[in-house]
Amino acid sequence: MASISNLPSRRPGPARDVASAASKPLMSSDALVLEGVTRAFGALRAVDDVSLTVAAGQKYAVLGSNGAGKTTLFNAITGDFPPTAGRILFFGEDITALQPYERIRKGLRRTYQSSLLFKELSVRDNLFLAVRGVGSGRFSFWRAGMQHASQVAADDILHRVRLDHLKDDLVGNLAHGQQRQLEIGMALAGAPRLILFDEPAAGLSPAERRELVALLRGLPKHMSFVIIEHDLDIALRVVERLTVMHNGRVLKHGTPDEIENDAQVQAIYMGGKH
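### Observations concerning the overall build of the protein chain
Next, step 1: Within the protein chain, the regular secondary structure consists of 9 helices and 10 strands.
Next, step 2: The buried share of the protein chain, taken over its 274 residues, is 47%.
Next, step 3: Summarising the internal contacts of the protein chain: among those between residues at least 6 apart in sequence, 66% fall at separations of at least 24.

See the structure below:
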């Protein structure tokens, strides 16, 4: 099979400018600010008046049981299902009305619960596509040589997510945990400023979970991330602050120690003292 770098790209239609001319980025030490974010589907408020702040470089978690509104909150942040009320600020800029691809260009990335990998391509080609997709030369018809910046960046990510030894393997042949590592690698393409991780530990073995923790701890200190995770132990080991959601609303904000020892959180999510 030919390398994906031989394949031409198709230019999408003209981008729609949804930001007003008067809207300009503001200086901010916060990576992400949600102000009263609500997402309704008819009469159902899947996310209801959620406010939180993620500082630049901060590692953050959103916890809650199934149906708490966590993934819907991520969808509102990324623009997949924009909020029906409230405001989203990304490094001081109001991105509430921006299209998903515009948020990506500003440095926002995410992973999904369900894999979105190209399973018939190699590990390296998946990373090359991710890097090329957010780069300035993404519409070029020229083949990228091995020394091209996109190829070099893909190799750097391969090393960062510890998949160098599998670079030529087809993604469909990887173990589930290795595919999760690759998804994180693809989210790292293009030097993101903030990544949203949607249940990255789902379905992983104990050994794979240890590898995930090491990978998340090894991310650059300046890079912010928000992780949705059912595994409280993983969340407590990799973040500095947490928000607990219940029925679409914020139940608690706090540090790992505060959340772990909170009686209300224990009663709802842990069935007593953990």
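What follows continues from the structure just given.
### What to know about the packing of helix α3 (residues 123-133) against helix α4 (residues 149-160)
Next, step 1: It is at 9 Å that the axes of α3 and α4 come closest, and there the two elements cross at 120°. Comparing the axis directions of α3 and α4 gives the class oblique. With respect to the hand of their crossing, α3 and α4 are arranged in right-handed fashion. Contact residues: Val123, Arg124, Leu127, Phe128, Val131 and Arg132 in α3; Ser150, Gln151, Ala153, Ala154, Asp155, Ile157 and Leu158 in α4.
Next, step 2: For the contact of α3 with α4, the per-class residue count stands at 8 nonpolar, 2 polar and 3 charged.

### A closer look at the nonpolar core
Next, step 1: One finds Leu182, Phe197, Leu216, Phe225 and Leu242 to be the most contacted residues of the largest nonpolar core, which totals 43 residues.
Next, step 2: The leading source of residues in this core is helix α7 (residues 232-238), at 5 residues.
Next, step 3: Those residues in contact with Leu216 that lie beyond four places of it in its chain are Ile184, Phe197, Phe225, Ile227 and Val238.
Next, step 4: Leu34, Val47, Ala68 and Leu98 belong to the second largest nonpolar core, which has 26 residues in total.

### Brief notes about helix α5 (residues 176-187)
For an α-helix the count is 3.6 residues per turn, leaving residues at separations of three or four pointing the same way.
Next, step 1: Over its 12 residues, α5 extends 17 Å from the first C-alpha to the last, a length consistent with the 16 Å expected when each residue adds 1.5 Å.
Next, step 2: Buried residues dominate α5, accounting for 10 of its 12 residues.
Next, step 3: Where α5 is concerned, the buried positions are Gly177, Gln179, Arg180, Gln181, Leu182, Glu183, Ile184, Gly185, Met186 and Ala187.
Next, step 4: Looking at the packing, one finds that the buried side of α5 touches β6 (108-110), α3, α4, β7 (194-198) and α6 (206-217).

### As for the environment of Val265
Next, step 1: Looking at the secondary structure, you find Val265 in helix α9 (residues 263-270).
Next, step 2: Taking the relative accessible area as the measure of exposure, Val265 reaches 3% and is therefore buried.
Next, step 3: Separated by 21 residues in sequence, Val265 and Val244 place their C-alpha atoms 7.8 Å apart.

### Considering the sheet that holds strand β9 (residues 241-246)
Next, step 1: On the basis of which strands lie adjacent, the open sheet formed by 6 strands has the order β6-β7-β8-β3-β9-β10 and mixed pairing. The sheet terminates laterally at β6 and β10 (249-254), the two strands that pair on one side only. Strand-to-strand twist in this sheet, taken as the mean axis angle between neighbours without regard to direction, amounts to 20°.
Next, step 2: Sheet topology places strand β3 (residues 59-63) next to β9; 4 bridges connect them, and they run parallel. Bridging across to β9, Ala61 finds its partner in Leu242.

### Remarks on the pattern of salt bridges
Next, step 1: What the rule picks out here adds up to 12 salt bridges.
Next, step 2: A salt bridge links Asp80 to Arg110; its shortest N-O distance comes to 3.2 Å. You can see Asp80 sitting in the loop between α1 (70-78) and β4 (85-90) and its partner Arg110 sitting in strand β6, a full 30 residues away along the chain.
Next, step 3: Owing to a relative accessible area of 13%, Arg110 belongs among the buried residues under this scheme.

### A few points about the sheet that holds strand β5 (residues 93-94)
Next, step 1: Taken in spatial order, the 4 strands of this open sheet run β2-β1-β4-β5, and their pairing is antiparallel. Since the sheet does not close on itself, it has two edges, and those belong to β2 (44-55) and β5, each with one partner.
Next, step 2: Relative to β2, strand β1 (residues 30-41) runs antiparallel, the two sharing 8 bridges. Bridging across to β2, Phe41 finds its partner in Leu44.
Next, step 3: Contacts from α1 reach β1, β2 and β4, with the element oriented near 115° to β1.

Thresholds applied
- Residues numbered from 1 in each chain as written.
- Predicted model: local features only at pLDDT ≥ 70, side-chain atom pairs only at ≥ 80, totals over all residues.
- Heavy atoms only, no water.
- Helix = DSSP H or I, 4+ residues; strand = E, 2+ residues; numbered from the N terminus.
- Buried < 20%, exposed > 50% of the residue type's maximum accessible area, 1.4 Å probe, protein only.
- Contact = heavy atoms within 4.5 Å.
- Axes fitted to C-alpha atoms, helices over the stretch in contact; angles between N-to-C directions.
- Parallel < 35°, antiparallel > 145°, perpendicular 65-115°, else oblique.
- Left-handed = near helix turned anticlockwise from the far one by under 90°.
- Nonpolar A, V, L, I, M, F, W, Y, C, P; charged D, E, K, R; others polar.
- Core = buried A, V, L, I, M, F, W, Y, C linked by side-chain atoms within 4.5 Å.
- Expected span 1.5 Å × (residues − 1).
- Pairing = 2+ DSSP bridges.
- Salt bridge = Lys/Arg side-chain N within 4 Å of Asp/Glu carboxyl O.

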